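# Descriptive structure summary
For reference, the chains in residue letters:
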Amino acid sequence: MEHLELRKKITIMIAIMAVMLFAALNMTIVGTSLPKIVADIGGMELFNWAFTIYMLCSSITAILVGKLSDIYGRKVFILTGICVFIIGSILCGFSTSIIQLIIFRGIQGFGGGMIMSSAFTTVGDLFSPRERGRWQGLMGGVFGLSSLFGPTLGGFIVDNMDWSWVFWIFIPVGIVSFFMILKLYPQAERKVKEKIDYLGSFVLSIVIISLLLAFSWAGGTYAWSSLEIIGLFTVSFLCLLLFIYIERKVQSPVVPLHLFKNKIVLVSNGASFLAGVGMFGVIMYVPFYVQGVLGRTATTSGLVEMVMTISMVSISALAGQLITKTGKYKKLALFGFIIMIIGFMLNAFLTPDASLAKLLINLIITGIGLGMTMPVFTLTVQNAVDHKFLGVATATSQLCRQLGGTVGVAIMGYIMSSKMTEKMVSGAEQHQNMDVVSELQTPEILMDPFVIDHMRAEMSEQMKPIFDQFVASLREALNFGLTQVFLFSSFVILLAFVVTLFLKEIPLRTSNASTEKEKDLA
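One structure accompanies this document, and this report is about it. None of the values given here were measured: they were computed from a predicted structure.

### Considering the overall build of the chain
Counting its regular elements, the chain contains 18 helices and zero strands. Across the 522 residues that make up the chain, the buried fraction comes to 60%. Counting only contacts in the chain whose residues sit at least 6 apart along the sequence, the fraction spanning at least 24 positions is 84%. Here the chain displays about 21,500 Å² of accessible surface, and carbon together with sulfur accounts for 67% of that area.

### Let's talk about the nonpolar core
Grouped together as the largest cluster of nonpolar side chains are 147 residues, with contacts concentrated most on Ile-16, Met-20, Leu-34, Met-139, Phe-167, Tyr-285 and Leu-482. Aside from chain neighbours lying at most four places away, what touches Ile-16 is Ile-78, Ala-119, Thr-122, Met-139, Ile-181 and Tyr-185. Core analysis: the next-biggest nonpolar cluster, separate from the first, contains five residues, Ile-452, Met-455, Met-459 and Val-471 among them.

### Here we look at the packing of helix H3 (residues 75–93) against helix H4 (residues 98–126)
For the pair H3 and H4, the least separation of the axes is 8 Å and the interaxial angle reads 155°. With respect to H4, the element H3 is oriented roughly antiparallel. Both H3 and H4 take part in a crossing whose hand is left-handed. In this structure, H3 contributes Phe-77, Ile-78, Thr-80, Gly-81, Ile-82, Val-84, Phe-85, Gly-88, Ser-89, Leu-91 and Cys-92 to the contact, and H4 contributes Leu-101, Phe-104, Arg-105, Ile-107, Gln-108, Phe-110, Gly-111, Gly-112, Met-114, Ile-115, Ser-118 and Thr-122.

### Some thoughts on helix H11 (residues 298–326)
Here H11 spans 42 Å end to end across 29 residues, near enough to the 42 Å set by a 1.5 Å rise per residue. Directly after H11, the chain includes Gly-327, whose backbone phi takes a positive value near 75°.

### Remarks on the packing of H3 against helix H7 (residues 171–184)
Any two packed helices are characterised by the angle at which their axes cross and by the distance between the axes. Following both chains from N to C, one finds H3 and H7 inclined at 165°, their axes separated by 10 Å at the closest point. When the interaxial angle is binned, H3 and H7 end up roughly antiparallel. Judged by the twist between their axes, the crossing of H3 over H7 is left-handed. In contact with Lys-75, Ile-78, Leu-79, Ile-82, Cys-83, Ile-86, Ser-89 and Ile-90 of H3, H7 contributes Ile-171, Gly-174, Ile-175, Ser-177, Phe-178, Ile-181 and Leu-182. When its residues are assigned to classes, the contact of H3 with H7 shows 11 nonpolar, three polar and one charged.

Calculation criteria
- Residues numbered from 1 in each chain as written.
- Predicted model: local features only at pLDDT ≥ 70, side-chain atom pairs only at ≥ 80, totals over all residues.
- Heavy atoms only, no water.
- Helix = DSSP H or I, 4+ residues; strand = E, 2+ residues; numbered from the N terminus.
- Buried < 20%, exposed > 50% of the residue type's maximum accessible area, 1.4 Å probe, protein only.
- Contact = heavy atoms within 4.5 Å.
- Areas by Shrake-Rupley, 256 points an atom, 1.4 Å probe, with all protein chains shown as cover.
- Core = buried A, V, L, I, M, F, W, Y, C linked by side-chain atoms within 4.5 Å.
- Axes fitted to C-alpha atoms, helices over the stretch in contact; angles between N-to-C directions.
- Parallel < 35°, antiparallel > 145°, perpendicular 65-115°, else oblique.
- Left-handed = near helix turned anticlockwise from the far one by under 90°.
- Expected span 1.5 Å × (residues − 1).
- Nonpolar A, V, L, I, M, F, W, Y, C, P; charged D, E, K, R; others polar.

Structure below.
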């Protein structure tokens with residue numbers, strides 16, 4: 001596909017970016033609206049799973065599709081992914097409980113994994129590594145565009161319409177994208193049929209699932225030292241050893257282990273994992289600060305994150321252009337991580353009475369750092385491997401980032417809830433005689449300022465000052481939990497910076513032809 005005429009390449013990329021926009025909008029629109037959804041259908045204790053299950057399913061699917069698309073081509077998986085994603089979106093809108101929402105978000109995840117894995121690999125099929133920087137920046141711009149409109153629109157929908165439209169409003173975009181891909185994307189060339197590594201795929205899925213469950217349940221549902229958590233970690237470790245053994249024996253492994261002997265791949269994926277852990281600290285938990293601590297609406301939360309997104313999109317596009325022009329990327333990533341750390345640390349010092357202007361400045365700084373690092377690590381992995389492994393190599397990079405996100409969300413969810421509990425228990429002890437205490441023992445009430453205003457309006461004038469004091473103590477508890485989350489994110493991004501120091505910067509290839517010759521000689 002590298003030798004197609006430029007006009008054809010651009011047409012294909014427009015179709016690919018339309019598909020990505022569809023999937024990304026459905027992901028970003030949920031961020032600011034989920035607190036309100038949970039306040040309606042309940043299940044605050046399972047809140048993290050609405051994100052975690054999506055990450056889990058998309059991570060598993062992406063790594064499997066990465067290998068299969070190297071064999072059968074990208075087109076069939078993009079089309080299948082769109083169909084599955086649309087079905088999941090429709091079902092999410094009909095959810096009546098948090099359990100149903102989690103299940104249907106999982107279906108969305110399967111579709112999203114197919115779409116994203118195939119889309120990013122298509123860039124590698126169409127363009128040489130030196131040219132990919134520009135297109136990786138534009139792909140980051142698509143994510144930024146979705147982040148720009150998604151959160152704001154999500155907040156507007158839950159404030160003014162039925163929240164089901166959060167999942168339904170972009171279905172027409174998916175349908176249009178499906179037919180664009182069906183018509184424009186070229187058919188894959190027939191390749192020598194390879195055996196599918198079903199056993200390795202199954203064992204890898206168990207590794208990811210057991211690891212995720214362990215991080216999600218530890219400290220909440222079960223103690224870290226409990227038999228259940230230790231058992232899950234043990235299962236994950238043993239299955240990982242079994243997976244390595246299987247991959248060494250099978251003819252066509254789902255994840256070729258020799259890729260990880262490449263130091264560039266190893267370092268890049270390590271940095272991607274840590275970046276995934278850290279970046280979700282701001283993406284997921286800023287809405288909790290805006291809505292829960294500051295008492296603003298979901299619409300305001302979306303507008304606040306929009307500012308961060310504008311800075312991220314702008315810098316990501318510029319970074320991609322700079323990489324294509326200079327062929328350099330390591331210093332860009334290092335500088336980006338430093339700026340991210342500054343942004344996270346500033347967030348860690350926010351107080352319940354902080355101004356929105358102060359938060360906006362912090363998020364602009366964070367967005368600049370995110371934008372500088374976004375185009376780098378997928379590009380470095382693709383540049384370091386033979387073209388015949390492009391799909392699976394790209395998928396491993398995505399897996400590391402997404403797995404980092406799922407593990408990070410689980411850890412940060414535990415940090416936030418445990419620190420909140422400390423503050424809430426001490427606050428509740430000061431108000432043992434209040435009738436409203438039982439109604440306010442969970443932070444769900446803080447996510448909907450209209451409910452708080454309604455409860456306060458029904459109270460006597462004598463109770464209102466006490467009620468206000470109690471709500472303030474809950475906001476302080478939530479703020480305390482969130483500051484610990486931001487501090488943790490800062491530490492993780494610092495680790496990502498250290499890991500990136502070991503990244504060997506090699507010239508970006510100006511063509512895929514050399515790797516194709518290697519393929520013929522292999």
